[in-house]
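What the coordinates show
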Amino acid sequence: MDTIIWPAYINSEFTRKQGRKLAVEDCVPDPKVREIGQALKKLKIKHLIEHNKSYPSSWWEKSGRVTADKREDESKNDFLRNISKMIKIARKN
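Each value, and the rule that gives it
Residues numbered from 1 in each chain as written. Predicted model: local features only at pLDDT ≥ 70, side-chain atom pairs only at ≥ 80, totals over all residues. Heavy atoms only, no water. Helix = DSSP H or I, 4+ residues; strand = E, 2+ residues; numbered from the N terminus. Contact = heavy atoms within 4.5 Å. Salt bridge = Lys/Arg side-chain N within 4 Å of Asp/Glu carboxyl O. Buried < 20%, exposed > 50% of the residue type's maximum accessible area, 1.4 Å probe, protein only. 1 Å grid on protein atoms, 1.4 Å probe; cavity = no way out; pocket = protein on both sides within 12 Å on 5 of 7 lines; lining within 4 Å. Points joined across faces, edges and corners; volume = space filled by probe spheres on them. Core = buried A, V, L, I, M, F, W, Y, C linked by side-chain atoms within 4.5 Å.

What follows concerns the side chain of E50. Mapping E50 onto the fold places it in strand β2 (residues 47-50). Discounting chain neighbours no more than four positions away, the residues touching E50 are G64, R65 and T67.

Here you go:
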């Protein structure tokens, strides 16, 4: 478990200053750690969900986080894009 994924990283309602890592069109509105976990499960990636964690810049909010094993040959942004894509597909169904 080496990569931490905060929901803020892929939240289209956040600015870059608030912690968003990707372009708005690559993100999803208000992602939950449960959805990130489901996306990682579909991608067959080992992960751990921690519900009681707070994103450092919004320490008063228990948004949770997910730690996962990303592939060595994949950048963190590509990894986040794949997760976001899986959440978008799951929300359509």
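Per the stated rule, a full pass over the model turns up 6 salt bridges. As a salt-bridge pair, R91 and E35 come within 2.8 Å of each other at their nearest N and O atoms. Here R91 is found in helix α2 (residues 76-92), whereas its partner E35 is found in helix α1 (residues 33-42), with 56 residues between them in sequence. Its relative accessible area of 13% is what places E35 among the buried residues. One network of salt bridges, with partners in common, ties together D26, D78 and R81.

The subject of this paragraph is the layout of surface pockets. Estimated volume of the largest pocket: approximately 200 Å³. Lining the largest pocket are 13 residues, with P7, D30, P31, E61 and S63 sitting closest to its centre.

Time to look at the nonpolar core. With 21 residues, the main nonpolar core has I5, I10, I36, L40, F79, I83 and I87 as its most contacted residues. Of all elements in the fold, only α1, β3 (65-68) and α2 reach the threshold of two or more residues within this core. Sorting elements by how many residues they give to this core places α2 first, with 5 residues. In contact with L40, other than residues within four places in its own chain, are I5, I45, H47, V66, A68, F79 and I83.

Of note, I89 is situated in helix α2. Since its relative accessible area comes to 43%, I89 is described here as partly exposed. Remark: the alpha-carbon pair of I89 and A39, spanning 50 residues in sequence, is separated by 9.3 Å.

So, about α1. Owing to its 3.6 residues per turn, the α-helix aligns residues three or four sequence positions apart on the same side. Within the span of α1, buried status applies to V33, E35, I36, G37, A39 and L40. Considering only its buried residues, α1 is in contact with β1 (3-5), β2, β3 and α2. A positive backbone phi angle near 60 degrees is found at K44, which sits one or two residues after α1.

Take it as geometry only, folks, not as evidence of what the structure does.
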